[in-house]
Amino acid sequence: QVSDWESKLIKDLSKLPIKTILDKYKIDAQYVQNLLKLLAVKGMLEGYEVPKAKKKFSILQILFFKFRLFNPENFLNRNINKLRFIFTAECFFLICAFLGFSLFIAFDKQENIYNFGQQLWSNQGFSLIIPFVLLMMLVVSVHELGHAFTLKHYKGVVLEIGLLFVCLLPGAYTNTTDAYGLVKRRQRTLVMAAGVICQVVIWGIALCLWSISKPGNWFYTTTFLLMLAAQFTLAINLNPLNKFDGYYLVEAMTGINHLRKRSFAYYAQLWRREPSPERTQDTMMLTLYAPACLLYMIWLLVNLFVWIWHLYEPYLPG
């Protein structure tokens, strides 16, 4: 992100000779050279790719890692016009009405949902894990397409879709970095929220289908598991302490990009008794986020260790 003044300068780089640019903006050649270096490092110049930094080993690499799969640009460009109706006000109100109806059903049938879940686990147990994980992957795939198509609707570029693993659980990700180039904060927020909206809609559809289907058959069980898969992934995604949708939604809504990095840097500046460059209105969020993140990571590691211990305890000597 650059200032409006620098944005105009960057656009002129491909249109005007360097000497004309220097005279027009009253700058020296060194300034332009530094700007070009910055753009090259960020991969924003034709012919330049973002250099891959060598990362030191961290425990986080075990908890979180990802693999790039493909570039979805051609697929998105071919199909975006078919889905433009989703971004209309009429569709928005229709979705709100449907979700309101789904919540009414959920409250009305909450006892049945709980009892059937208990019964299903008692009867089938661990045999449910594989179909549940497959349905989770389906939900997450639609979720990621929601991000991608929303960014494409706002004329953005989506160059990467891939797989990620969090605590060895599979998922998917979409590179929506281009959303930071959107001028309106509302548009950036909608790009980040699109995946969550898709998950909630899937939850509503699965709940409605489950409520009208006949108990005892495969469709009844499948729709129930799909509803649970949507709920489970939604809970994980909305946690702002994970670097998933909840985190990026907080960034988009507050305007604090790189929230986690800046929050820890804020405490480092306090420790060194250095003045902070952060805005006054951002300090409360920066103050709260780093301690909450540390406590969450400790809780996650402890629970992971306890789970592994209980898994292997029967095989340990003594």
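Cut-offs used in this document
Residues numbered from 1 in each chain as written. Predicted model: local features only at pLDDT ≥ 70, side-chain atom pairs only at ≥ 80, totals over all residues. Heavy atoms only, no water. Salt bridge = Lys/Arg side-chain N within 4 Å of Asp/Glu carboxyl O. Helix = DSSP H or I, 4+ residues; strand = E, 2+ residues; numbered from the N terminus. Buried < 20%, exposed > 50% of the residue type's maximum accessible area, 1.4 Å probe, protein only. Phe/Tyr/Trp six-rings, centres within 6.5 Å; stacked < 30°, edge-to-face > 60°. Lys NZ or Arg CZ within 6 Å of the ring centre and 35° of its normal. Axes fitted to C-alpha atoms, helices over the stretch in contact; angles between N-to-C directions. Parallel < 35°, antiparallel > 145°, perpendicular 65-115°, else oblique. Contact = heavy atoms within 4.5 Å. Nonpolar A, V, L, I, M, F, W, Y, C, P; charged D, E, K, R; others polar. Expected span 1.5 Å × (residues − 1). Disulfide = S-S within 2.5 Å.

1. Side note on the pattern of salt bridges
(1) Moving on: In the structure shown here, the tally under the stated rule is 6 salt bridges.
(2) Moving on: Measuring nitrogen to oxygen at the nearest pair gives 2.9 Å for the salt bridge that ties Lys152 to Glu73. Here the residue Lys152 occupies a position in helix α8 (residues 129-153), and Glu73 occupies one in helix α5 (residues 73-79), the gap between them amounting to 79 residues. The two residues Lys152 and Glu73 agree in class, both being buried.
(3) Moving on: Close ionic contact of Arg262 with Glu278 constitutes a salt bridge, the shortest N to O distance being 2.6 Å.

2. Focus: the packing of aromatic side chains
(1) Moving on: For the coordinates displayed, the defined rule picks out 15 aromatic pairs.
(2) Moving on: Considering the side-chain rings of Phe116 and Trp210, the 6.3 Å spacing of their centres and the 45° angle between planes classify their relative orientation as tilted. Placement of the pair is Phe116 in helix α7 (residues 110-124) and Trp210 in helix α9 (residues 185-212), with a sequence separation of 94 residues. By the burial criterion, Phe116 is buried, and Trp210 matches it.
(3) Moving on: Ring centres 5.7 Å apart and planes at 85° place the aromatic pair Trp218 and Phe219 in the edge-to-face group.
(4) Moving on: Owing to a relative accessible area of 65%, Trp218 belongs among the exposed residues under this scheme.
(5) Moving on: Here Phe219 falls in the partly exposed class, since its relative accessible area comes to 31%.
(6) Moving on: Three or more aromatic residues joined by ring pairs make a cluster, and in this case those are Phe116, Trp210, Tyr220 and Phe224.
(7) Moving on: Stacked on the ring of Tyr247, the Lys or Arg Arg260 has its end atom at 5.7 Å from the ring centre.

3. Here we look at the packing of helix α12 (residues 259-271) against helix α13 (residues 283-312)
(1) Moving on: Packing of α12 against α13 leaves a shortest axis separation of 8 Å and a crossing angle of 95°. Taken together, α12 and α13 sit at an angle that is classed as roughly perpendicular. Residues Leu259, Arg260, Arg262, Ser263, Phe264, Tyr266 and Tyr267 of α12 touch α13, and the partners they reach there are Thr283, Met285, Leu286, Thr287, Tyr289, Ala290, Pro291, Cys293 and Leu294.
(2) Moving on: Among the residues forming the contact of α12 with α13, the class breakdown is 11 nonpolar, 3 polar and 2 charged.

4. Digging into helix α10 (residues 218-237)
Three- or four-residue spacings in an α-helix give side chains the same orientation, since the helix completes a turn every 3.6 residues.
(1) Moving on: Over its 20 residues, α10 extends 28 Å from the first C-alpha to the last, a length consistent with the 28 Å expected when each residue adds 1.5 Å.
(2) Moving on: Taken together, the buried positions of α10 are Tyr220, Thr221, Thr223, Phe224, Leu225, Leu226, Met227, Ala229, Ala230, Thr233, Leu234 and Asn237.
(3) Moving on: Among the structural elements, α7, α8, α9 and α11 (245-254) are those in contact with the buried residues of α10.

5. Describing the side chain of Asp12
(1) Moving on: With respect to the helices, strands and loops of the structure, Asp12 is situated in helix α1 (residues 4-12).
(2) Moving on: Leave out the neighbours within four places in its chain, and Asp12 touches Ile21, Lys24 and Tyr25.

6. So, the state of the cysteines
Where two cysteines share a covalent bond between their sulfur atoms, that bond is called a disulfide.
(1) Moving on: One pass over the structure, following the stated rule, counts 0 disulfides.
(2) Moving on: Free cysteine: Cys96, not disulfide-bonded; nearest cysteine sulfur from Cys91 at 9.7 Å.
(3) Moving on: The class for Cys96 is partly exposed, based on a relative accessible area of 38%.
(4) Moving on: Cys208 carries a free sulfur, and the closest cysteine sulfur to it, the one in Cys96, is 15 Å from it.

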